Structures are given as structure tokens and as C-alpha cells.
Amino acid sequence: MKNLFSIIPADFFKPLNSKYKDQYADCLLAIYNSYRTEISYGVDREAVVSTLTDYFNQRTDDISFDDDNSFEKDSRSKAQKTINFLKDCGWLDFEEEKNYQQNVVLTEYAVPFIRTMHDVIREEETEYQGLISQIHAVLQNEDLYSKPYQFILKNVVSNTEQLVSSLKKLNISIKKHIDKQTKNKDLGAVLDMFTTYNEEIVSKSLYRLKTSENVGKFRQSIKINLDKMLTEPKILKDLVDGYMEIEQETDASIAQDMIIQMIVDVKTAFENLDKIIEDIDRKNNHYMKNAASRAKFELASGTNQEGKINTILRYLTEFSDETELVPEDLFNVFVQKYVSEESIKKIPEKKSYEEVATIKAEMLTEEEKARKKKLLLDKQLARFYRKKIESYVSELLRDKPLIMASDIPINNRKDFENLIYIRLFAIESLVYRVKKTEQRVKTDKCEYTDFEIIRKQAGNKNV
């Protein structure tokens, strides 16, 4: 196996480890993106100089290319010297055309590094659409068995590795995605995040693997065709011959062992896909619940705006709609979080504990017990529980697939509180989900951003 540092130049990582690593990384990405419309990773030097000149025109900081720390001021000069520096480090090379035009090309080992940088910065989730069905279709196509290694097995192995690697990447990145979306964000941003996260990350990535691309629909057929490759002598021989030709292997027994190992690895990967998807679901549910708890905590406690609003809402629910009187000191009971360093700290008092007197149990009559039980029940019914909200939403939806929040009449405080909790409890609900719109709703009683309330299909959390 080749060693990485025996292939790349000694100064290859120098640009990304220098004082000006940000500029060099930006320049490499700019050069890489400028090749998108080209037929190769090469373009006229003057075009590259123009691209980097535009980049340095947008920056006010200077950059030095010499050991004597002499700084370049001119953007075009910076572009020229950047190209030369990246060439010296092994990222770029020059090609001379017949018309004396000089092309700047990315070296063969620079391309995968820049592509990886590009993917990391974009932070896009891999699309899995078609990977499993492609594997199935290739294995089913009899016309491709004329050269089974080149046309079939090599593609099957590549697609399987891409699928498994992408799922594993999603598996380890779920916590990062949720933390990034919820930490240090206000409650409104956290609530908006849940809908975006489910639609753009988890559902987008996994929905097809559980429906149209369900592993169970294709797994048995894939395994049968893979087994056929091992059991039919002609196919196996063609696989070995193809491997020897493409991979330049001279020993037929080694080639056969490699073919067998590749097929076994693909079969094992498909056996383990369900476990990977289950683990993703488990982690997703775990971190989503943690994030939801964080949102509930922000809503239910604290002296920030959300905590105050929630306290006011809870207080008002204990009053009838006709009662408009709110105590003036309700808004002044919150402790100030910031304490000046110059303030005088109160000396804590020592607590002394006296002997506790004998506690005499007070026996309640049956009538008093019934009255207390009714008071507790009434108080419990007055609180907002998820099941109560879900029942309310089910009644609103009836046989319709969705309704708009603006379709729900807001006649009093409790109606608006219901709307707030419909949005909040959608995060974990198995009955419905919500989808934010850009439409603002304004009435004489309230103003809010409209959203869709969509019925979920039974047995499917993501739909």
C-alpha cells in the first residue's frame, strides 16, 4: 500500500499551515470553482489571474510571499505570486499550448483535497436517491454480464461504499446539526429549526430509504444475484479476468480471492443497513428530545422574554376570559441576573434546627376528599398536555389532510394559547406536523406567521 507522503510534495500542506492559510484556501476554492464549466481541471493562466485579482480586490489585508516580510499591495501582483507559490507547493502546474498560451492546471493529488474542502464548507448532506435501485438494476441487467467486473461489480461496490459511508456520516453528525441549530438561539429560532431540520436533513436523507428505496424491497434480489456471481463458473471466471485486466493483477488465485471478498463485503453491508438506519433513528430521537427539552426549559423558566411570556400565559389561564384585571407586581417578580461586583454580599446566616413537633394526621371526610379530588382534576384538565392538543388538532383536521393555522378562529386568549402549543407540541407529535409559511396573519387580537398543520400518516413519524 502506497504511503500518502511518498506521493505528494514535501511542501504540499504549507499553504494551509501558513499565516495566510485563509487566503490560500479561498484561492484554491476559487480556482477549483472556475473549472466547473471547463472540460478539464485546467484553464488559461490569465483567466485564473483575473479570478484571483477580483478576490484580492475585495480584501484589505496585505500578504507577504518573501522571507523578508515585504508586503504586496497590488491585487494583480498578489494573484500572480499566489499562483506561483501554489505551484511550488504542488497544488498547481503549468501547461504550454501550441499558441504559447499557458494553462494553469490542478495536480491530480490536489483535486481530491480541494473537493473535500469544498464539501466540508458547504456542509451538504449526501443524497441517497437511486443508490440502492441502481445497484439492483445493474445486477439485473443481463447485457452487462459480458464484462461483469467492469460493468457490474465495480459499480456495485462503489455505490455500496458511498451509501454506507454517507449513512455513517449522517449518524455521527446528527448531534452536531441539532446543537448547531439550537445552542445560543432564542426560542423562536429553536422552534423554527425543528421543521427545517426534519424536512431538509433527516427526512431528505432517510425518507426514501424507508419508502421507495426501502432496503427490504431490493435486498433479497441483490443477494441472489451476488450469489449467482459466485456459483456460476463462467461469471466468476469473467469477474476474475476483468479484475486482472483492470487492477493489473497477474495472479488468478489472488484475483479470485479479491472478487469473493468484494461480494461478501457488499452482502454484509446490505445486512447491516437496517442496523445503521435504526441507530440513526435512535440518535435522532434522542437528540431531538434533548433539544425539545432545552426549548421547553427556555419557555418554562428563566427571566428572559420567553420565560416571562410563559409565566404570564400560565397566570392568565387561571382567569376567565372576562377577567381583565392583572396584578401590577406580576411583571416585577423576576430577579435581575446581573449582579455588580461592587455590590455588598450578604453574610449567610447559620441555620439552626429545632426539634420537630409531633405531626398529627388530619382525617378528611368523604365530602372533603371528593371536593379536593375534583379541584385537582379541574386543575389538571386546565393544563396544556400534548395529548389534549393532539386531540384538539384531530378534531380540527377531521378528514382533511391539512389546515392552515389562520383557519382556526382566535376569539380569546385561550384560542391564541392553543395556537402556540399546537406549534410547540408538533415537534414530538405522532398525529400532526407543522410547516412554516412566509404569510403573516394580523387580526385585531393578535399577529403571527401562518403555518400549515398537516396530518401524519399512521405509523410513520416522518410523513
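In this text the structure is predicted, and so the values were computed from the model without any measurement.

1. So, the overall build of the chain
- Helices and strands together make up the secondary structure of the chain, namely 14 helices and eight strands.
- The buried share of the chain, reckoned over its 463 residues, is 36%.
- Taking as baseline every contact in the chain between residues at least 6 positions apart, the subset at least 24 positions apart corresponds to 65%.
- Accessible surface, the chain as shown: approximately 30000 Å² in total, 52% of it carbon and sulfur.

2. Points about the nonpolar core
- Residues Leu139, Leu153, Met229 and Ile259 are the most contacted members of the largest nonpolar core, which totals 36 residues.
- Contributing elements (two or more residues each) for this core: α5 (131–140), α6 (148–182), α8 (215–231), α9 (233–247) and α10 (252–300).
- It is α10 that contributes the most residues to this core, 11 residues altogether.
- In contact with Met229, not counting residues within four places along its chain, are Leu139, Tyr145, Ile152, Leu153, Ile235, Leu236, Leu239 and Ile263.
- Of all hydrophobic cores here, the second largest spans 33 residues; its members include Tyr24, Val43, Val49 and Ile114.

3. What to know about the packing of helix α1 (residues 21–34) against helix α3 (residues 75–88)
- Running from amino to carboxyl end, α1 crosses α3 at an angle of 90°, the nearest separation of the two axes being 11 Å. Classified by the angle their axes make, α1 and α3 are roughly perpendicular. Facing α1, whose interface residues are Tyr24, Cys27, Leu28 and Ile31, α3 presents Thr82, Phe85 and Leu86.

4. Details of the packing of aromatic side chains
- Taken as a whole and judged by the stated rule, the model has 11 aromatic pairs.
- Between Trp91 and Phe113, the aromatic rings sit 6.3 Å apart at their centres with planes inclined by 70°, giving edge-to-face as the arrangement. Here Trp91 is found in the loop between α3 and β4 (92–96), whereas its partner Phe113 is found in helix α4 (residues 110–122), with 22 residues between them in sequence.
- Phe113 sits in the partly exposed class, given a relative accessible area of 25%.
- What links up through ring pairs into an aromatic cluster is the set Phe12, Phe13, Trp91, Tyr109 and Phe113.
- Between the NZ or CZ atom of Arg423 and the centre of the ring of Phe451, over which it lies, the distance is 5.3 Å.

5. Considerations on the pairing of strand β7 (residues 432–442)
- Across eight bridges, the pairing between β7 and strand β8 (residues 447–455) is antiparallel. For Val441, the partnering residue across the bridge sits in β8 and is Tyr448.
- Remark: four residues form the turn of the hairpin made by β7 and β8, two consecutive strands paired antiparallel.

6. Let's talk about the sheet that holds β7
- Spatially, the three strands line up as an open sheet ordered β6-β8-β7, and their pairing is antiparallel. Of all the strands in the sheet, just β6 (402–404) and β7 have a single pairing partner and so form its edges. Averaged over all adjacent pairs, the angle separating strand axes in this sheet is 20°, with direction ignored.
- Pairing analysis gives three bridges linking β6 to β8, with the strands arranged antiparallel. Residue pairing across strands places Ile403 opposite Ile453, the latter belonging to β8.

7. Comments concerning the pattern of salt bridges
- Under the definition given, this model contains 11 salt bridges.
- Of the charged contacts in the structure, one is a salt bridge between Arg219 and Asp274, with a shortest N-O distance of 2.7 Å. Here Asp274 lies in helix α10 and Arg219 lies in helix α8, a separation of 55 residues in the sequence.
- For Lys234, the salt bridge identified is with Asp238, shortest N-O distance 2.9 Å. Within this pair, Lys234 and its partner Asp238 are both found in helix α9, separated by four residues, close to a single helical turn.

8. Description of helix α13 (residues 386–397)
- An ideal rise of 1.5 Å per residue puts 16 Å on 12 residues; α13 measures up with 16 Å between its terminal C-alpha atoms.
- Where the residues of α13 are buried, they touch β6, α14 (413–425), β7 and β8.

9. Regarding the packing of α8 against α9
- Axis separation between α8 and α9 bottoms out at 5 Å; the angle between their running directions is 85°. Relative to α9, the element α8 is oriented roughly perpendicular. For the pair α8 and α9, the contacting residues are Lys228, Met229, Leu230 and Thr231 in the first and Pro233, Ile235, Leu236 and Leu239 in the second.
- Across the contact of α8 with α9, the residue classes tally to six nonpolar, one polar and one charged.

10. Description of unusual backbone geometry
- Despite not being glycine, Gln248 has its phi angle at roughly 55°, a positive value.
- Counting through the fold element by element, Gln248 comes out in the loop between α9 and α10.
- We classify Gln248 as exposed; its relative accessible area is 70%.
- One non-glycine residue, Arg398, adopts positive backbone phi at about 50°.
- Examined against the element boundaries, Arg398 turns out to sit in the loop between α13 and β6.

11. Brief notes about the environment of Arg59
- Tracing the backbone through its elements, the reader meets Arg59 in the loop between α2 (45–57) and β2 (63–64).
- Counting along the chain gives 36 residues from Arg59 to Gln23, while the straight-line C-alpha distance between them is 9.4 Å.
- Not counting chain neighbours up to four residues away, the residues in contact with Arg59 comprise Gln23 and Asp26.
- A distance of 2.8 Å separates a polar atom in the side chain of Arg59 from a polar atom in the side chain of Tyr55.

Parameters and conventions
- Residues numbered from 1 in each chain as written.
- Predicted model: local features only at pLDDT ≥ 70, side-chain atom pairs only at ≥ 80, totals over all residues.
- Heavy atoms only, no water.
- Helix = DSSP H or I, 4+ residues; strand = E, 2+ residues; numbered from the N terminus.
- Buried < 20%, exposed > 50% of the residue type's maximum accessible area, 1.4 Å probe, protein only.
- Contact = heavy atoms within 4.5 Å.
- Areas by Shrake-Rupley, 256 points an atom, 1.4 Å probe, with all protein chains shown as cover.
- Core = buried A, V, L, I, M, F, W, Y, C linked by side-chain atoms within 4.5 Å.
- Axes fitted to C-alpha atoms, helices over the stretch in contact; angles between N-to-C directions.
- Parallel < 35°, antiparallel > 145°, perpendicular 65-115°, else oblique.
- Phe/Tyr/Trp six-rings, centres within 6.5 Å; stacked < 30°, edge-to-face > 60°.
- Lys NZ or Arg CZ within 6 Å of the ring centre and 35° of its normal.
- Pairing = 2+ DSSP bridges.
- Salt bridge = Lys/Arg side-chain N within 4 Å of Asp/Glu carboxyl O.
- Expected span 1.5 Å × (residues − 1).
- Nonpolar A, V, L, I, M, F, W, Y, C, P; charged D, E, K, R; others polar.
- Polar contact = N/O pair within 3.5 Å; in protein donor to acceptor, adjacent residues only side chain to side chain.

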